[in-house]
Amino acid sequence: MISLEQLVRPNIWNLAPYSSARDEYSGKEAHVFLDANENPYNTTVNRYPDPLQRQLKAVLSKIKGVPAENIFLGNGSDEAIDLPYRIFCEPGRDNVVSIAPTYGMYKVCADINNIECKQVLLDDKFQLHADQLLAACDEHTKIVWLCSPNNPTGNSLDRDEMLKVIEGFGGIVVVDEAYIDFAQQLSLRQELPTHPNLIILQTMSKAWGSAAIRLGMAFASRDIIDIYNKVKYPYNVNLLTQQKAMEMLSDPFEIDKWVKMLLQERSRLMMAFAELPCCEQIFKTDANFFLARMTDAQRIYDYLVEHGIIVRNRSRIQLCDNCLRITIGTRSENNELLSALRQY
Ligand SMILES: *Cc1c(COP(=O)(O)O)cnc(C)c1O
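Here is a short report on the structure shown in this document.

Of the two faces of strand 7 (residues 216-219), both are covered, the one formed by G216 and A218 as well as the one formed by M217 and F219. As paired elements, strand 1 (residues 71-74) and strand 7 share four bridges and run antiparallel to each other. Bridging across to strand 7, I71 finds its partner in F219.

In structure tokens:
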């Protein structure tokens, strides 16, 4: 790996971060707080929240087996995706490399930050070939974006190929594991101690059923997390989100039940799709959705909309011709989808 000092933009490396009242004093002993220009009335939302979300990280640390100092929490994964651009990439000069097809936010954030995003097509089984990805990197490539299980294809990327990328690239490799709780494949979290250029993203939005609270996580070396914390908005995760997340994390067995049910429904739905005359191919998935190649994706999409059922039309994406992406819903939602398609 190239040294962090060489990878990070000089203005960020030299940044003196904003120091909030809660950064300067965060002890528990005091009882009169006249330091942050807060209103003493309207408890319990009158005080600024913990800028480093220490309680929440302590709980997450136990569940994920990652020390709290290796965890960043943000306003959804969106924040954890945007920050590495601002930390590592010099606008108009540096570039990033991502797989394709993949999640749209990597490219959108690149465009917003005026960073070129070079996309390397997966093979026809949606698999990654490390050598092709590495060949697309040049001396201005700061970040490589991987997503496993991948969106919109649903499959996990080959673990050894991902490790080849992580070990063969001198810059930062981000692996987005938003769907890892649904996957057979293990998280790359255990690779963190031996791979200082690795950033792993996870989220409360999918398996944890909490898309509305906006809580994304990044796991990485302490040095990278420290820079994330320096650049983020001081109070980027609000108190209500921190509290709701603690509540959700206090009952991980409930989440296990949801995941089990969704995986059962997924296999039922996929088997039913295989029998549909309007479905030509279903793709192997490790997530709470699957990709299906249809006879006429656009017409079927419109037909479903007429019936009040919305799926994701991915048919204009490379390698996804005529494909719809189907999220697994409740049993009755899935049945509604099936009976509509049987009558198509
Ligand atoms: C849904 C999704 C996320 C989650 O984003 P949040 O901002 O945390 O809601 C992240 N990455 C991928 C690939 C996704 O599909």
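Attention shifts here to helix 10 (residues 239-249). Looking at helix 10, one finds that the buried residues are T241, Q242, A245, M248 and L249. Viewed end-on, helix 10 has its buried residues packed into an arc of 125°, placing them on one side of the element. Those residues of helix 10 that are buried lie in contact with helix 4 (54-64) and helix 11 (252-274). At the N-terminal end of helix 10, a side-chain oxygen is found 2.9 Å from the backbone nitrogen of L240, two or three residues along, and the residue is N238.

A few words on the sheet that holds strand 6 (residues 198-203). What the seven strands build is an open sheet, ordered 1-7-6-5-4-2-3; its pairing is mixed. In this open sheet, the two edge strands, each paired with only one partner strand, are strand 1 and strand 3 (116-121). Strand-to-strand twist in this sheet, taken as the mean axis angle between neighbours without regard to direction, amounts to 20°. Here strand 2 (residues 95-100) pairs with strand 3 via six bridges, running parallel.

Rules used in this analysis
- Residues numbered from 1 in each chain as written.
- Predicted model: local features only at pLDDT ≥ 70, side-chain atom pairs only at ≥ 80, totals over all residues.
- Heavy atoms only, no water.
- Buried < 20%, exposed > 50% of the residue type's maximum accessible area, 1.4 Å probe, protein only.
- Helix = DSSP H or I, 4+ residues; strand = E, 2+ residues; numbered from the N terminus.
- Pairing = 2+ DSSP bridges.
- Arc of directions from axis to C-beta.
- Contact = heavy atoms within 4.5 Å.
- Polar contact = N/O pair within 3.5 Å; in protein donor to acceptor, adjacent residues only side chain to side chain.
- Axes fitted to C-alpha atoms, helices over the stretch in contact; angles between N-to-C directions.

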